[in-house]
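One letter stands for each residue in the lines below.
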Amino acid sequence: MKPPLDTGDIQALVFSGHGRFPESLAMGFAVAEPEAAKRSALGLVRSEISFGLSRGERTRAAQLLLSAVGVAALGGPAILEGLDTAFREGMVSPQRSRALGDAGINDPSGWLWRDRDVHLMLLVYGPDAAGVETTARAVRQTLASGWKAVFELPVCSPQDRREPFGFRDGITSPRIDLGDLNLREPGVDFLAPGDVLLGERTAAGTLNAPPPLGVGGSYLAIRQVEQDVEAFWKFWASQSRNAQEAIWLAAKAVGRWPNGMPVGAGAAGPQPPAVEEEIMRPMSFTADQEGTGCPYGAHIRRANPRDTLETDPRVSLAVVAQHRIIRRGRMYGARAPTAVYPAGFDVPELGASDPEASKDRGLLFMCLCSDLTGQFEFIQQTWLNNPQFADRRDESDPITPGVDVVQDSRRLSIPGKPMRRRIHALPRWSRVRAGGYFLLPGRRALEHLLSQ
Amino acid sequence: MSKSEPLTERLRATWRRPLSFTSLVPVGATSGADLRSRITVLAPQIKASLAAVGGLHTFRLVAAPSEHPGGQARVLLSFVHDESLDSLLPKLMAAMGDSLAAVFAGADFSERKDDLPRLLVKHRATDRTFHLGAINKSVREILSENALVNALEAFSDERLAAGAWGADTAAETIRLELRKRILALPLDLELPRGPAPSLSSAGKLLRFLDLLATFAFPSIGVLAVHIQKAIGLIAKPGLRRVAWAAYGVWWIYGALFTGAAFLFVRLLELVEPDIVAAQPDAEKVSRIEATEDLTITNEVTYWFPVKPTWVRRVLLRVILWGSERGCRHFWTHGALADIDTIHYARILQVDDGRTLLFMSDYDGSLDRYMIDFLGVGSSAVIPISSNVYGCPKTRWLFNPDDPSTFGPRLTSLLRLDQIETQVWYSAYPNLGVREILANAAVREGLYAEEMSEAAASSWLASL
């Protein structure tokens, strides 16, 4: 019998995306002098890093991540033994790049940063920019000994919950199953602890003993994805007779309306008003076997095929459960240029706009999992970037940046009468600018590593 | 059919194609490493010549381990082909004979390419199980059906863009218009101009006799789940009812033997020790990974030592016989025990049964394949792999003894026993099995005499 989770040993990011703290900062560091680096990082772990569950008592949060190169620099390469191969290799290797579709415009040779250069990453969260800066200043001061700064990227969780293209994000948001400690909220479903934490039982029933550094830990895949909002909406406008149709086409590509409502069958109609209950209701595709509502090629159906991956919905859910991840992404860069949205687009009042369309903006995608290859890479390679996903022919995800193995599958089919409408030559309006694989270690593992 | 083929192959070819050929040839005192580099050097020339041969679905050339430690290195040559061996082997020799002769240097032949076919046939190893994703499809048909679908899609896009078809246009009208357009195209485009040829009466008879022979084996009941699923897929209701009735009656004969087979396997599982295999060599895995995911279709070649008892060798032989029967009669809709990404899977028992050779050409990543192995396809994979040295223990043939460790241990074992393939070729590396089958269905639909509006609408949805 496995003992219950020692939540106090686990970094808080596993339990919460820190939604109460809309402002945040990602900070990358590299080891300059290992002994001093260990001492200063240990101080940080004891003073700033957030562990365990919180029921609203935190006023700020900080999380500490290590890359494989960082782990090796602090504890020697032998300590990596037993950790995930993908983590040890890092995100940039020919195999990983093929799995992730990092070719062409995503070629890692042009990235701003990668896990090979970033040994330690800190994610600092606060209620406002000033609060974040206060923590960041303390972090910089502490890590001035033994570390050198590589990059800083302010990230945020917009109050309107819209990503730069204008679509509501983060609707499907699973949490780790804590049994009696679970908070029941609409739209939340639960993942087996082992699908996020090393050494716990997975949805498939497997249970592996993790290496010492992995106890209480999880892997974090991070990708900085730049989004060209103007190109996105210009393209849909070019395929449409009017703004309403452009929004409808984009909604078909995403799989939901911009306001988060499920997209239904039928001709191009106006976006229905947002009904929170409908938005948060767990989605099923069994009533949409033809994909006339949410096309099979739509982003949300590829990213999480739910109950229609296999013929039997129960088998499908069981298969999909083996590849679920917990997303912790946030937006970076300038706010969305809402002026380029089609006429009639329901820009929420909360949405701050930056009129300059060409500014750098996008998503700092982050996800937690216990098996980088079997979960994060599997979703990228087998579902999102697979030109033959769900019996498509030469199609790949219309939203995410991955380049598929055939390299020219940029089509989207929207089922309809008398035949599907096929959109050809979809441009790539998002591209990967940076990324890496990190370990989010548990408290004891971190303290042990840094005290050696 | 050729003289080089055994009679059983010739008979089976009347109802189930393409064919498979594998040869395992000792090449003298060469070391394994030297042989690997010899083939690697010649690989580009050989690969460049393969497309010109025609009628080859897949081809691999591998430096295989020797039969005993310190024994002769061996070359594994294997392909799936349309033509008879008598006509294909001379073509292969004409295209790449000199390169192949250099690969096989040191073997018992005159080292002239003309003598190679004899050598290959002499060292032929027989498939114990051969699964086909797309049955009775030649390379030419597969490629031409794909071209047909491309043409249909292009016509449809053109007509839709012109506004020729509206929401009220009947699907059957569109289907007939599309057919007319295809039939009006120049003949040199080599698109299929009618439905695929159906099986000959002799083929159908031989297939039925083979099915009867399958049920003569009293323990075939271990495949009950798959047999029932196959009966459920019979399209004609009358025939399906007859099949259910016959299957029910068969259990009077098969129940005792099937039960005895399960008990025997369970006893074996209880008395055998749990052997934990070594970890795979990281460098080898890295070299293999570098060759994966370059196209939609990938390949694996596994060289498994069988558990070192005669009981296991015999049991494996029986299980492979059963799985071959499954491939011939129950897994005939594009999926091997629900794994629907396999083009060709071939399993052989070589070295007097002490080695299990598994070759597969499959779609998608190896991770996905492994997940299918342990998930939807486990009922075919686990019984076979349970006979392999280092496989974690099983329960009642089909189930892992310890589900919490079985998957990771088997996945690690598969990497441990995977061997590097120096030359691998596929005639259609970016066409998945399901796409090939979908293309075939589009062709059948296009040339169907008439269709209901619902059927035509469903057919149009596949374009």
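Per-chain numbering applies: the sequence of each chain, read as written, is numbered from 1 onward. Lettering for chains starts from A, numbering for ligands starts from 1, and both go in the order in which the items are written. The model is predicted, so local features are restricted to residues of pLDDT at least 70 and side-chain atom pairs to those at 80 or more, both for listing and for counting; the totals for chains, interfaces and linings are taken over all residues.

Undergrad: So what exactly am I meant to see when it comes to the overall build of chain A here?
TA: For chain A, the helix and strand inventory stands at 12 helices and 13 strands. To get the radius of gyration, use the C-alpha atoms; to get the globule rule, take the number of residues to the power 0.38 and multiply by 2.2 Å. Against the 2.2 N^0.38 benchmark of 22 Å for 452 residues, chain A shows a C-alpha radius of gyration of 22 Å, consistent with a compact globule. Projected onto its principal axes, the C-alpha positions of chain A cover 70 × 50 × 45 Å. In chain A, buried positions account for 51% of the 452 residues. Once C-beta atoms are placed from the backbone, any two residues with those atoms within 7 Å are in contact. Sequence-distant contacts, at least 24 apart, represent 71% of the contacts inside chain A between residues at least 6 apart. A run of H or I in DSSP counts as a helix once it spans at least four residues, and a run of E counts as a strand once it spans at least two, with each numbered from the N terminus. Exposure classification rests on a simple neighbour count of other C-beta atoms within 10 Å of a residue's own: a residue reaching 20 or more is buried, one at 12 or fewer is exposed, and one in between is partly exposed. C-beta atoms are placed from the backbone.

Undergrad: What exactly am I supposed to notice about the overall build of chain B here?
TA: Helix and strand counts for chain B come out as 16 helices and 11 strands. A compact globule built from 463 residues would reach a C-alpha radius of gyration of about 23 Å, and chain B, at 24 Å, matches this within 12%. Overall, chain B is about 70 × 60 × 45 Å in size when its C-alpha atoms are taken along their principal axes. The 463 residues of chain B split such that 42% are buried. Across chain B, the fraction of contacts at a sequence separation of at least 24, relative to all contacts at a separation of at least 6, is 78%.

Undergrad: What exactly am I supposed to notice about the sheet that holds strand β1 (residues 19–26) of chain B here?
TA: Within a beta sheet, neighbouring strands are joined by backbone hydrogen bonds and run either parallel or antiparallel to one another. Residue and element names in this part refer to chain B. Pairs of strands are assigned from DSSP output, requiring at least two bridges between the strands. Sheet architecture is open: five strands sit in the order β4-β1-β3-β2-β11, paired in antiparallel fashion. Single-partner strands in this sheet number two, and they are β4 (124–125) and β11 (423–426). Both β1 and strand β3 (residues 74–81) contribute to a ladder of eight bridges, which runs antiparallel. Bridge pairing links L19 to H81 in β3.

Undergrad: How should I be thinking about the interface of chain A and chain B in this particular structure?
TA: Size of an interface: often given as the accessible area lost when the parts come together. On the chain B side, the residues contacting the 31 residues of chain A number 33 residues. Looking at the side of chain A that touches chain B, the elements that each hand over two or more residues are α4 (94–100), α10 (313–321) and α11 (372–384) of chain A. No other element matches the five residues that α11 of chain A contributes to the side of chain A that touches chain B.

Undergrad: Would you mind showing me how to read the sheet that holds strand β8 (residues 355–363) of chain B here?
TA: All names here are of chain B. The four strands are arranged β5-β7-β8-β6 in an open sheet whose pairing can be described as antiparallel. Each end of this open sheet is capped by a strand with a single partner; those strands are β5 (129–132) and β6 (297–305). The average undirected angle you get between the axes of adjacent strands in this sheet is 5°. Alignment of strand β7 (residues 342–350) against β8, held across eight bridges, turns out to be antiparallel. Across the sheet, residue L348 finds its bridge partner in β8, namely L357. Axes here mean lines fitted to C-alpha atoms, for a helix over just the part in contact, with angles spanning 0 to 180 degrees between N-to-C directions.

Undergrad: What am I meant to see in the environment of R207 of chain B here?
TA: Within the fold, R207 of chain B resides in helix α7 (residues 201–216). Separated by 191 residues in sequence, R207 of chain B and R16 of chain B place their C-alpha atoms 8.5 Å apart.

Undergrad: Looking at this structure, how should I read the confidence of the model for chain A?
TA: Interpreting fine coordinate detail is not advised for predicted regions of low pLDDT. The pLDDT score gives, residue by residue, the confidence of the prediction method on a 0 to 100 scale. In the predicted model, chain A carries a mean pLDDT of 91, and the fraction of residues at 70 or more is 98%. Summarising per-element confidence for chain A, the mean pLDDT is lowest in α10 of chain A (88) and highest in strand β7 (residues 218–227) of chain A (98).

Undergrad: How do you make sense of unusual backbone geometry when you look at a structure like this?
TA: The general pattern is negative phi for most residues beyond glycine and trans for most peptide bonds. Omega for the peptide link from K417 of chain A to P418 of chain A comes to 0°, which places this bond in the cis form. Tracing the backbone through its elements, the reader meets P418 of chain A in the loop between β11 (412–414) and β12 (421–423). Residue P18 of chain B follows R17 of chain B across a cis peptide bond; omega there is 0°. Mapped onto the elements, P18 of chain B comes out in the loop between α1 (7–12) and β1.

Undergrad: How should the packing of helix α1 (residues 34–47) of chain A against helix α12 (residues 443–451) of chain A be read in this particular structure?
TA: Two quantities define a packed helix pair, namely the angle between the axes and the distance from one axis to the other. All names here are of chain A. Running from amino to carboxyl end, α1 crosses α12 at an angle of 155°, the nearest separation of the two axes being 9 Å. The angle between α1 and α12 falls in the class roughly antiparallel. Considering how the two elements wind past one another, α1 and α12 form a crossing that is left-handed. Between α1 and α12, the residues in contact are K38, A41, L42 and V45 and L446, E447, L450 and S451, respectively. Charged residues are taken to be Asp, Glu, Lys and Arg, nonpolar residues to be Ala, Val, Leu, Ile, Met, Phe, Trp, Tyr, Cys and Pro, and polar residues to be all remaining types, Gly included. Across the contact of α1 with α12, the residue classes tally to five nonpolar, one polar and two charged. Just so you know how the angles are binned, under 35 degrees is roughly parallel, over 145 roughly antiparallel, 65 to 115 roughly perpendicular, and the rest oblique. Less than a right angle of anticlockwise turn of the near helix away from the far helix marks a crossing as left-handed, whereas a clockwise turn marks it as right-handed.

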